[in-house]
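# Coordinate inspection notes
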Amino acid sequence: MSSESSFDIVSKMDMQELNNALNQAEKEIATRFDFKNSKSKITLEKEELVIVSDDEFKLQNVLDILYSKMTKRGISVKNLDHGKVEPASSQTVRQRIKLKQGIDQEQAKKINILIRDSKLKVKSQIQGDQIRVTGKSKDDLQQVIQLLRKADLPLELQFQNLK
């Protein structure tokens, strides 16, 4: 048995839960009085959401509905990268929202610096779009998890494979 313990830091969205939140938001939009005769809709295209509505005000209302449904399903809105609101066909507006999956290099470096500056006896290394943290003490690993949960990072992190 190894004396080293480790865990992985990842940033992924649960796509099934996101689909459920989208379906719930679509149902609410279809039944709400303020969206009667509206062209508002939300679609998922590969790795981005496309939201279309009559005007910017209704688009913002659609986003609010979507965010509430995502939050209730445990999906963080931190992993959304909003594009600009742009005019679309037949007097509507559209906004594309990219879904952030994985930890990009810049954020991974910041997380590594946070871990290193904590002076805990752990090592962290970037492995593609995730970070592996290893250390002799599981308590130190738990402290790293707590440190990262308290840190105000622009993406939602999950901690996996604690061994």
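Below is a summary of the structure that appears in this document. (Residues numbered from 1 in each chain as written. Predicted model: local features only at pLDDT ≥ 70, side-chain atom pairs only at ≥ 80, totals over all residues. Heavy atoms only, no water.)

## Concerning the nonpolar core
Residues Ile 42, Leu 49, Ile 51, Leu 66, Met 70 and Leu 80 are the most contacted members of the largest nonpolar core, which totals 22 residues. Among the elements of the structure, helix 1 (15–31), strand 3 (48–53), helix 2 (56–72) and strand 5 (92–99) are those that each provide at least two residues to this core. Here the element with the most residues in this core is helix 2; it accounts for seven residues. Setting aside residues no more than four positions away along its own chain, Met 70 makes contact with Met 13, Leu 18, Ala 21, Ile 75, Ser 76, Val 77 and Leu 80. Membership of the second largest hydrophobic core comes to 17 residues, among which are Phe 7, Ile 9, Ile 115 and Ile 131. (Core = buried A, V, L, I, M, F, W, Y, C linked by side-chain atoms within 4.5 Å. Buried < 20%, exposed > 50% of the residue type's maximum accessible area, 1.4 Å probe, protein only. Helix = DSSP H or I, 4+ residues; strand = E, 2+ residues; numbered from the N terminus. Contact = heavy atoms within 4.5 Å.)

## A few points about the sheet that holds strand 7 (residues 130–135)
Spatially, four strands are ordered 6-7-1-8 in an open sheet, and the strand pairing comes out antiparallel. The strands lining the two open edges of the sheet, one partner per strand, are strand 6 (122–127) and strand 8 (158–160). When strand polarity is set aside, the average angle formed by the axes of neighbouring strands in this sheet is 25°. Bridge analysis of strand 1 (residues 5–10) against strand 7 gives five bridges, and the strand direction is antiparallel. Paired with Ser 6 across the strands is Thr 134, a residue of strand 7. Against the sheet, helix 3 (residues 105–117) engages strand 1, strand 6 and strand 7, with an angle of about 175° to strand 6. (Pairing = 2+ DSSP bridges. Axes fitted to C-alpha atoms, helices over the stretch in contact; angles between N-to-C directions.)

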